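# Fold and geometry: a report
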Amino acid sequence: MTVSGPGTPEPRPATSGASSVEQLRKEGNELFKCGDYEGALGAYTQALGLDATPQDQAILHRNRAACHLKLEDYDKAETEASKAIEKDGGDVKALYRRSQALEKLGRLDQAVLDLQRCVSLEPKNKVFQEALRNIGGQIQEKVRYMSSTDAKVEQMFQILLDPEEKGTEKKQKASQNLVVLAREDAGAEKIFRSNGVQLLQRLLDTGETDLMLAALRTLVGICSEHQSRTVATLSILGTRRVVSILGVENQAVSLAACHLLQVMFDALKEGVKKGFQGKEGAIIVDPARELKVLISNLLDLLTEVGVSGQGRDNALTLLIKAVPRKSLKDPNNSLTLWVIDQGLKKILEVGGSLQDPPGELAVTANSRMSASILLSKLFDDLKCDAERENFHRLCENYIKSWFEGQGLAGKLRAIQTVSCLLQGPCDAGNRALELSGVMESVIALCASEQEEEQLVAVEALIHAAGKAKRASFITANGVSLLKDLYKRSEKDSIRIRALVGLCKLGSAGGTDFSMKQFAEGSTLKLAKQCRKWLCNDQIDAGTRRWAVEGLAYLTFDADVKEEFVEDAAALKALFQLSRDKPSFVRARVKKLLAAGVVSAMACMVKTESPVLTSSCRELLSRVFLALVEEVEDRGTVVAQGGGRALIPLALEGTDVGQTKAAQALAKLTITSNPEMTFPGERIYEVVRPLVSLLHLNCSGLQNFEALMALTNLAGISERLRQKILKEKAVPMIEGYMFEEHEMIRRAATECMCNLAMSKEVQDLFEAQGNDRLKLLVLYSGEDDELLQRAAAGGLAMLTSMRPTLCSRIPQVTTHWLEILQALLLSSNQELQHRGAVVVLNMVEASRQIASTLMESEMMEILSVLAKGDQSPVTRAAAACLDKAVEYGLIQPNQDGE
């Protein structure tokens, strides 16, 4: 039996009752033969939607696999071939096609199994035998590579642990290589089996930021999706040691540790779901127990003195992600109940800590909100009244412990904790407000002369005002209390907070007039005052944001909303307040890159998680585009796997998301070596996204960057040029050569110059009845030196490859001679050289053209240039004169020159 090649759809014996399926299949086969693989794919898909028999379906799926192989979409090719094999396990053609797709995807171990099955079904088939030999050779090469990897790993660690290599470029490169190696499962396994975790522990113990970051990021690769390696890593390093890294002052190290712990949580949780089975199927220690040990250490970290505020926030973030159930359909909330029993007081302690003045526990401006979110998540995860009652009891006992017998400091702590609960599980906050003496203390502290004490009390009132429907005391007494504070206080920080509390109460009733706290028109007055605060740029930004919060409540009122949109100054102030300065944005990008955000996003794209929706893809693309904005950051993005991750984002998702990802690809391709950024076959996958940026619906900047990137690619190889031509980019590039914007026009001309190395493009210029050659000649005489250089380069290339074009240059414009003379007289040596090459090509192409040139001032110019210092220009000028002598157009002088 002869096996059809990967691009040959199979015919099928006619069967009754399936004429439409048969007709569509034949139509698809014809389209396939004509090279219209997309059209063929559509026909086969349409046939599958009809009442096709299982035999029909198998043939259609393997035909679709052939189309996807031709379109270089190997994932889909594998999927379609697998569907055919599901219909018929002995389908040798589908097995062969799947093996080809798997080979392209780098999954050689799976590809060889399919080929072995093919050989067993058809032992004499030479195609299968040859394919099996080839893939066997690739596997052996991979084994040799992995063997050499052992030595590389050892060498990397030697460099990193050598004290004499401190701060060197060699050390930095070794750390980057280690992180990259750990991203692949095989590389991570090699590091792990080479005593890597113990060596990484030594890097962590150095205390050097760069080495600690490299160690943490490598550990991420080792633990990712691998529970047994995760448990072993925790055992070697010690759970307490890993968690303690969260608490360091260095934010980049703390964030890297947070990422590592998140990966460990994911691996352990997956182990719990799979019933003690790891990715490799080995029996390991109970992951549920390891999970609790990890969470217990995080809870302990919350109340440890000496832990940084950033570290405490990171610990809270991890608990928010790891503890509550992902879905309420899951009946098991035992982890939440255990955390409430073991750690609720510790979470409340963070929520009740004051940032200013600093207390025993270091906290940030976000710590209380993070604690509120965690408390809210825990409370929402409870299933019955008994569990909720226990939560209330623990909260109330904690507040009472601070409120009673602890003096003023204890009362402040208790009130701050109540505020935390009001921002989170408000039912618990409202119950805490009703505890004996709490509300009275809030009122008393509102009158305090100490600003810090007043702030704590007023903020508690504000948070309570937001829940006014359920806090009867605030509904009844809050307005007069806040009004009094607003009128009496001399401190802006107190007045603005009191104003926000009034705004919340003013909007509390919604459309229920029985709940309205103010007379008609009062909300407009409040809104006016908020706008006044907002527009006062003499006030600090934090205080002005309180005014925005007040407006957020008041703009539920239509009249307030109407006035606000008419206030241009207020709207401008709002936008300015919400927009960060470029320096802050750049600083955040640097921190994200240092924390390994690219690696994290690349993992998201690679795993193809169900949460990776089209909208999520768009957001990832936007982040990538922001990360590559600065040229200096692009190397880091590439090193962390950003180039590889951007390709699928540019090919699938929303239109906006694909465009953003394509633009990020363009930026990387412009400023880096594309062969290094997109190694192997990936470089060809970049072309389609870049060409998509040439469409008219894209911005001028996107057009320009796409042209620059395609110029780089077109200069690499003929295969890449053919890929660009296949994507039908040439007509669009030609269109941009007429663009008014000089940078776009220049980029298009440069791109065409590089594409001119292809025969198909040369044919376009040589064809009769077009102005392509004329445009290049005219552009060679433009004032824009860069445009001149691009056009002259194109002319030099075309006249070298197609001598027939030389005779047409004098026909396209009467100014051709002036343009060539100007090129040779240019002070720019590159322009001179290109002009000299064009003239030499014309002289060599025709004696008649040479005669015209020698009868003009061109001969004098060439004579002067030929006498200069040895250079490419001198040699080209001398060659022109030598050819003219050969033609008998000029005579050498007595010196033989």
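Residues numbered from 1 in each chain as written. Predicted model: local features only at pLDDT ≥ 70, side-chain atom pairs only at ≥ 80, totals over all residues. Heavy atoms only, no water.

## Points about the overall build of the protein chain
Check the secondary structure of the protein chain and you find 51 helices and zero strands. Residues counted as buried form 51% of the 897 residues belonging to the protein chain. Considering only contacts in the protein chain between residues 6 or more positions apart, those separated by 24 or more positions represent 67%. (Helix = DSSP H or I, 4+ residues; strand = E, 2+ residues; numbered from the N terminus. Buried < 20%, exposed > 50% of the residue type's maximum accessible area, 1.4 Å probe, protein only. Contact = heavy atoms within 4.5 Å.)

## Some points on the confidence of the model for the protein chain
Per-residue pLDDT for the protein chain averages 83, and the proportion of residues at 70 or more is 89%. For the protein chain, the element scoring lowest by mean pLDDT is helix H24 (residues 472-488), at 66; helix H38 (residues 687-692) scores highest, at 94. In the model, residues 12-18 has pLDDT below 50 throughout and makes eight contacts with residues more than four positions away in sequence or in other chains. (pLDDT = per-residue confidence, 0-100.)

## A few points about helix H29 (residues 568-578)
Residues spaced three or four apart along an α-helix face the same direction, because each turn holds 3.6 residues. Inspection of H29 places Ala570, Ala573 and Leu577 among the buried residues, and these make up the whole buried set. Seen from one end, H29 has its buried residues packed into an arc of 60 degrees, which puts them on one side. In H29, the exposed positions that point more than 90 degrees away from the buried face belong to Ala568, Lys572, Phe575 and Ser578. On the buried face of H29, the contacting elements are helix H26 (522-535), helix H27 (541-554) and helix H28 (558-566). Capping of H29 at its N-terminal end is provided by Asp567; its side-chain oxygen lies 3.3 Å from the backbone amide nitrogen of Ala569. (Arc of directions from axis to C-beta. Polar contact = N/O pair within 3.5 Å; in protein donor to acceptor, adjacent residues only side chain to side chain.)

## Considerations on the environment of Glu290
Assignment of secondary structure puts Glu290 in helix H15 (residues 287-302). Taking C-alpha positions, Glu290 is 9.4 Å from Phe265, a pair spaced 25 residues apart along the chain.

## Comments concerning the packing of aromatic side chains
Applying the stated criterion across every chain yields a total of three aromatic pairs. A ring pair is formed by Tyr96 and Phe128, whose centres lie 5.4 Å apart and whose planes are at 50 degrees; its orientation type is tilted. Taken as a pair, Tyr96 in helix H5 (residues 92-104) and Phe128 in helix H7 (residues 126-161) lie far apart in primary sequence, 32 residues in all. A single burial state applies to Tyr96 and to Phe128, both of which are buried. A cation over an aromatic ring shows up here: Lys411 above the ring of Phe403, its NZ or CZ 5.1 Å from the ring centre. (Phe/Tyr/Trp six-rings, centres within 6.5 Å; stacked < 30°, edge-to-face > 60°. Lys NZ or Arg CZ within 6 Å of the ring centre and 35° of its normal.)

## As for the nonpolar core
In terms of nonpolar packing, the biggest core is built from 129 residues, with Leu246, Leu261, Ile295, Leu298 and Phe391 touching the most fellow members. Among the elements that make up this core, the one with the highest residue count is helix H14 (residues 251-273) (11 residues). Listed in part, the 103 residues of the second largest apolar core include Leu693, Tyr779, Ile849 and Leu881. (Core = buried A, V, L, I, M, F, W, Y, C linked by side-chain atoms within 4.5 Å.)

## Things to note about the packing of helix H35 (residues 655-671) against helix H39 (residues 700-714)
The geometry of H35 relative to H39 is characterised by a closest axis approach of 8 Å and an angle of 45 degrees between their N-to-C directions. Classified by the angle between their axes, H35 and H39 sit oblique to one another. Relative to H39, the crossing made by H35 is left-handed. Facing H35, whose interface residues are Thr659, Gln663, Ala666, Lys667, Thr669 and Ile670, H39 presents Leu701, Gln702, Glu705, Ala706, Met708, Ala709, Asn712 and Leu713. Of the residues assigned to the contact of H35 with H39, the class counts are seven nonpolar, five polar and two charged. (Axes fitted to C-alpha atoms, helices over the stretch in contact; angles between N-to-C directions. Parallel < 35°, antiparallel > 145°, perpendicular 65-115°, else oblique. Left-handed = near helix turned anticlockwise from the far one by under 90°. Nonpolar A, V, L, I, M, F, W, Y, C, P; charged D, E, K, R; others polar.)

## A closer look at unusual backbone geometry
A positive phi angle is found at Asn195, which is not glycine, with a value near 60 degrees. Mapped onto the secondary structure, Asn195 falls in the loop between helix H9 (185-193) and helix H10 (196-206). With a relative accessible area of 42%, Asn195 lands in the partly exposed category.

## Concerning the side chain of Asp567
Inspection of the secondary structure puts Asp567 in the loop between H28 and H29. Using a relative accessible area of 19% as the deciding quantity, one classes Asp567 as buried. At 2.8 Å, the side chain of Asp567 and the side chain of Arg531 are in polar contact. Among the polar contacts listed, one links the side chain of Asp567 to the backbone nitrogen of Ala569, at a separation of 3.3 Å.

## Some remarks on the packing of helix H2 (residues 37-48) against helix H3 (residues 54-70)
The geometry of H2 relative to H3 is characterised by a closest axis approach of 9 Å and an angle of 160 degrees between their N-to-C directions. Taken together, H2 and H3 sit at an angle that is classed as roughly antiparallel. You can see that H2 and H3 cross each other, and the crossing is left-handed. Only Gln57, Leu60, His61, Asn63, Arg64, Cys67, His68 and Lys70 of H3 make contact with H2, whose side of the interface consists of Tyr37, Ala40, Leu41, Tyr44, Thr45, Ala47 and Leu48. Here the contact of H2 with H3 is built from residues that sort into eight nonpolar, five polar and two charged.

## Quick word on the UniProt feature "repeat: TPR" (unreviewed entry) in the protein chain
According to UniProt, the feature "repeat: TPR" (unreviewed entry) maps to residues 92-125 in the numbering used here. The distance from the first to the last C-alpha atom of residues 92-125 is 11 Å, and the span holds 79% helix and 0% strand. (UniProt positions renumbered as here; feature names shortened; annotations may be inferred.)

## What about the environment of Glu452?
Its location among the elements puts Glu452 in helix H23 (residues 451-465). Along the primary structure Glu452 and Ile494 are separated by 42 residues, whereas in three dimensions their C-alpha atoms are 9.7 Å apart.

## Overview of the pattern of salt bridges
Two side chains carrying opposite charge are able to pair once their charged atoms lie near each other. This structure, assessed with the given rule, holds 40 salt bridges. The partner of Asp633 in a salt bridge is Lys590, with the nearest N and O atoms 2.7 Å apart. Taken together, the residues span a long stretch of sequence, with Asp633 in helix H33 (residues 631-639) and Lys590 in helix H30 (residues 582-594) at a distance of 43 residues. The exposure class of Asp633 is buried, given its relative accessible area of 4%. Each member of the salt-bridge network shares a partner with another, and the members are Glu72, Arg688, Lys723 and Glu727. (Salt bridge = Lys/Arg side-chain N within 4 Å of Asp/Glu carboxyl O.)

## Concerning H3
Here H3 is 17 residues long and its end C-alpha atoms lie 25 Å apart, about the 24 Å a rise of 1.5 Å per residue gives. Counting buried positions over the 17 residues of H3 gives 14, a clear majority of the element. Downstream of H3 by a residue or two, Glu72 has a phi angle that is positive, lying close to 65 degrees. (Expected span 1.5 Å × (residues − 1).)

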